[in-house]
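Chain by chain, the residues run as shown.
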Amino acid sequence: MSATAPSRPRQAISAGTRRTPQLWVARALGSLLAGAATCGALLALDPVVAPGSWTMTSALAVAAAAVLLATLRAMWTNRFGPTAVAAAAAAAAVLNHYGSPRAGSGSASDPGTLARLEALLQEAFQQINEGVAPLVAGQEVGLLIVVGALAVLLLVDLSVALKVPVLGGLALLTLWIPAVVLGATASGWALVWAGLPWLALVAALPTSTGRRARLVTAGWAAGVLALALGVAPVLSAAPGWGAVALPRLGSGSGSVSLSDDLDLRRDLQARSAQTVLTYTLTAPDGSASPVSAAGLGPLRSFTLMDFDGRSWSADVQDGPLTSWETGQLLLPEGQDANPLSRTQVEVAVAVDGLTDRYLPLTLAPRELEIAGSWQYDPTRDLVLGSEATTADTTYRMLAEVPTLTAAGLATQSSDDPPDQAALTMPGSAHDGDVTALAAQVTDGRPTTYDKALALQTYLRTSGGFVYDEQIPPATSDDAVWDFLQDQRGYCVQFATAMVVMARSLGLPARLAVGFLPGTDQGGTVTVTGRQAHAWPEIWFDESGWVRFEPTPAVQTGAPPSWTFTTATGPTTPAAEDEPTATANRPTITASAPPTTSAAGERAGASSAGWWVAGAALGFVGLGTWYATRRARPRRTDPEQAWDAVRRALAGSGLTWTDATTPRQAVQALRESAILDDAAFDAIKNVAAELERSRYAAGGATATSDQLEAWITQIDGALRPTATGLRRRGSTPRRRR
């Protein structure tokens, strides 16, 4: 009587099924996919935040945190533990990086760290509230983005650990909120690069097995790709998409107006390329102009006197504004109406994108013709309207341009300013420090002009200052002193520093705000919002208020002609080369020699360097742990040996369920064509030792070396199966 093979073992082995990943690999892969999705979602901020250092910093921060999470989850099965540890590490990194005395340097924190971090966050919210999209992100807004990105990563990773990755998608969507609220065009690529990793998590890709699961994941990925590339652009163009408005988020309309409340703590906001006005220059008789746009100088909208150590504010008018008659010269208070030499030039102005109650005027005294209700303030030398300018506003000026020279200014004093407020110091704890530095810079300079020129040269060329649109965090209550220490800023910082330093020396000084001369295009000079500018003016008893230019040439071009000379002597510091071209929107450019520039660039690069080091450390740690894991001695007890056999066979497409006993698995494997007799005997030996260890009184009899030898024999027999015996149509052979 012949025995028949049992049916259950024949069905216990499933061929062609993908090997199930080890759990630690799946957990680590889940964290890495969460990091990839978060980095992709950061692209959703592009329409509202201009690309800058925040992009690399936030991506590196997320990558470093994702690697840390992957390492922790690979070694630790607790669901909340890795999240807590990673959150603590991220908080420590943020505190050390942004809250250190010199943010971005990565120096050790001190007791004032939390206060500095709070100040940065407050400044970030203020900049966002008052800025115009796309916002230029400095350290403050960059901090907010990094913190938000890390929070999103932690939430997505935790949702994966809790096996509800669908909820992680809600965390990712928070990075789309700014663009939707501001009505910015949705980013299709953000949806792609965030959606693909997220869908892989939803489809359980790290632990998925079988062809069906892989096909489902691929289908979802293809679906989101088609949605992003096809449907998203249509939705973003639909009426009402992202049409929610928030108060006080900047104009965003393309029109430009100049703020008379200047804060030295703020980064320079994005300046519009909109044309604010155009003008033409001619002689009074209509012939060619005797003065170029550069010779005419900037157009000034208003001047400021009141500075509190951080902000400039508009002055309270002491008396009523005055009107004027046609042909009347608008002459600032205290200025001579009959200087030795003046050149007349007619300026015809057409307003375009300027919406402002302050009217841009020549620095020189001028006659003014304009329709509407406008009044003149001779103390501040400004014209103020009851209504703002519009695109159809036009006006004409006949300017009396004085001939200023270094020699002429060097003979004048500054003893009789029209307003004593021009000598007022901020009253901060660092007034004495500013005074001492100003005295050191102007040591040996006897006249008002000598001192003013020495201050301009120090700030513009010789002091190592760098033009930077992003302001370092405050380290004291005096914004000028912070600037003089950090040596980084834009025109408002440079001009304010010169005003305060001049006042500390007894020189009357004020801040002027307006527009640089613009670009001459075939006889018509075009001025854009990017040429908005601030500069200091020093009082001279005979010439009145005289412009100086401490801001580096990269923004302003050549300095005023009366400060640009090659002569020698105490009144003429070394000449600076006139640049051949002026950039509209510089980023970070040194005004000092190349060595200082390189140092400045290294200082700027250190912002991202800390995160690079953190990411590298994470990768090194992960590699070390993996190498250690690989180097550990193999567990060679029968249970571990049997698990090794299962994993090896699964890699060749042979799997069985936990309900299958070792003896049933061996019986089912008799029909496998990929096992030679020696490998099959080794499997039987391991199964027999497993049964002895479980059920026999004496336990297993094989040594660890024997178990390892059997496993090695099985592995060696299975490697050739990469050629695919079954795929070539091999017929299973039955062992007896």
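Residues numbered from 1 in each chain as written. Predicted model: local features only at pLDDT ≥ 70, side-chain atom pairs only at ≥ 80, totals over all residues. Heavy atoms only, no water.

Topic: the pattern of salt bridges
No. 1: As enumerated under the stated definition, the model contains 14 salt bridges in all.
No. 2: Asp381 is paired through a salt bridge with Arg366; the nearest N and O atoms lie 3.0 Å apart. A residue pair is termed long-range when its members are at least 10 positions apart, and Asp381 in the loop between strand 13 (374-377) and strand 14 (382-385) and Arg366 in strand 12 (residues 366-370) qualify at 15 residues.
No. 3: Its salt-bridge partner being Glu537, residue Arg510 comes within 2.9 Å of it at the nearest N-O pair. Highlighted residues: Arg510 in strand 18 (residues 509-515) and Glu537 in strand 21 (residues 532-540), separated in sequence by 27 residues. Across this residue pair, the class does not change: Arg510 and Glu537 are buried.
No. 4: A single salt-bridge network, built from bridges that share partners, covers Arg300, Arg366, Asp381, Arg510 and Glu537. (Salt bridge = Lys/Arg side-chain N within 4 Å of Asp/Glu carboxyl O. Helix = DSSP H or I, 4+ residues; strand = E, 2+ residues; numbered from the N terminus. Buried < 20%, exposed > 50% of the residue type's maximum accessible area, 1.4 Å probe, protein only.)

A look at helix 21 (residues 677-695)
No. 1: End to end, helix 21 covers 27 Å across 19 residues, agreeing with the expected 27 Å (1.5 Å per residue, within 8%).
No. 2: As for helix 21, its buried residues are in contact with helix 19 (638-651), helix 20 (662-669) and helix 22 (704-718). (Expected span 1.5 Å × (residues − 1). Contact = heavy atoms within 4.5 Å.)

Observations concerning the sheet that holds strand 12
No. 1: Pairing in this open sheet of 7 strands is antiparallel, and the strands run 9-12-15-10-5-20-19 from one edge to the other. In the strand order of this sheet, the two ends are held by strand 9 (329-330) and strand 19 (519-521), each with one partner.
No. 2: The sheet contact formed by strand 9 and strand 12 spans 2 bridges and is antiparallel. Its bridge partner lying in strand 12, Leu330 is registered against Arg366. (Pairing = 2+ DSSP bridges.)

Structural notes on the packing of aromatic side chains
No. 1: This structure, assessed with the given rule, holds 10 aromatic pairs.
No. 2: Measuring from ring centre to ring centre gives 5.0 Å for Phe307 and Trp312, while their planes differ by 35°; the resulting arrangement is tilted.
No. 3: Exposure remark for Trp312: the relative accessible area of 0% places this residue in the buried category.
No. 4: Considering the side-chain rings of Tyr449 and Phe548, the 6.4 Å spacing of their centres and the 45° angle between planes classify their relative orientation as tilted. Pair noted here: Tyr449 is in helix 14 (residues 448-462) and Phe548 is in the loop between strand 22 (544-547) and helix 17 (553-556), with a separation of 99 residues, a long-range link. Both residues of the pair, Tyr449 and Phe548, count as buried.
No. 5: Taken together, the ring pairs in this structure connect Tyr458, Phe465, Phe483 and Phe494 into an aromatic cluster. (Phe/Tyr/Trp six-rings, centres within 6.5 Å; stacked < 30°, edge-to-face > 60°.)

Quick word on the environment of Leu361
No. 1: The topology assignment puts Leu361 in strand 11 (residues 361-362).
No. 2: On a C-alpha basis, the gap between Leu361 and Ala399 in space is 9.2 Å, while along the polypeptide they are 38 residues apart.
No. 3: Non-local contacts of Leu361, meaning those with residues more than four positions away in its chain, are made with Pro298, Leu299, Arg300, Arg366, Leu368, Asp381, Leu382, Val383 and Met397.

Re the confidence of the model for the protein chain
No. 1: For the protein chain, mean pLDDT is 76; residues scoring 70 or higher make up 71% of the total.
No. 2: Low pLDDT, under 50, characterises residues 722-736; the predicted model gives this stretch 31 contacts beyond four residues in sequence or across chains. (pLDDT = per-residue confidence, 0-100.)

Concerning a nonpolar patch on the surface
No. 1: A surface patch of nonpolar side chains, amounting to about 550 Å² of accessible area, comprises Phe80, Leu162, Val164, Leu167, Leu170 and Leu173.
No. 2: When you line up the elements, Val164 lands in the loop between helix 6 (139-161) and helix 7 (165-173).
No. 3: On the basis of relative accessible area, Val164 is assigned to the partly exposed category, the value being 34%. (Patch = residues over 30% accessible without salt bridge, like charges linked within 9 Å, V, L, I, M, F, W, Y side chains within 5 Å. Areas by Shrake-Rupley, 256 points an atom, 1.4 Å probe, with all protein chains shown as cover.)

What to know about the sheet that holds strand 18
Paired through backbone hydrogen bonds, the strands of a sheet run either parallel or antiparallel to each other.
No. 1: With antiparallel pairing, 5 strands are arranged side by side in an open sheet as 11-6-18-21-22. Across the chains shown, the open sheet's two edge strands, defined by having one partner strand only, are strand 11 and strand 22.
No. 2: Bridge count between strand 21 and strand 22: 4 bridges; the pairing is antiparallel. Note on strand 22: the bridge partner recorded for Phe540 is Gly544.
No. 3: The strands that helix 16 (residues 491-504) touches are strand 18 and strand 21; relative to strand 21, the one it contacts most, it runs at about 15°. (Axes fitted to C-alpha atoms, helices over the stretch in contact; angles between N-to-C directions.)

Re the nonpolar core
No. 1: Tyr279, Leu296, Leu368, Val383, Leu459, Leu484 and Met501 are the most contacted members of the largest nonpolar core, which has 89 residues in total.
No. 2: Considering every element that reaches this core, the biggest residue donor is helix 16, with 10 residues.
No. 3: Every residue in contact with Tyr279, bar those within four places of it in the chain, is listed here: Ala293, Leu296, Leu299, Val347, Ala348, Val349, Pro517, Gly523, Thr524, Val525 and Val527. (Core = buried A, V, L, I, M, F, W, Y, C linked by side-chain atoms within 4.5 Å.)

Some thoughts on the environment of Arg396
No. 1: Take Arg396: it is sitting in strand 15 (residues 394-402).
No. 2: Under the relative-accessibility criterion, Arg396 is labelled partly exposed at 39%.
No. 3: Spatially, the C-alpha atoms of Arg396 and Val349 are 6.0 Å apart, while their sequence positions differ by 47 residues.
No. 4: Setting aside anything within four residues of it in sequence, one finds Arg396 in contact with Glu346, Val347, Ala348, Glu367, Leu368 and Glu369.

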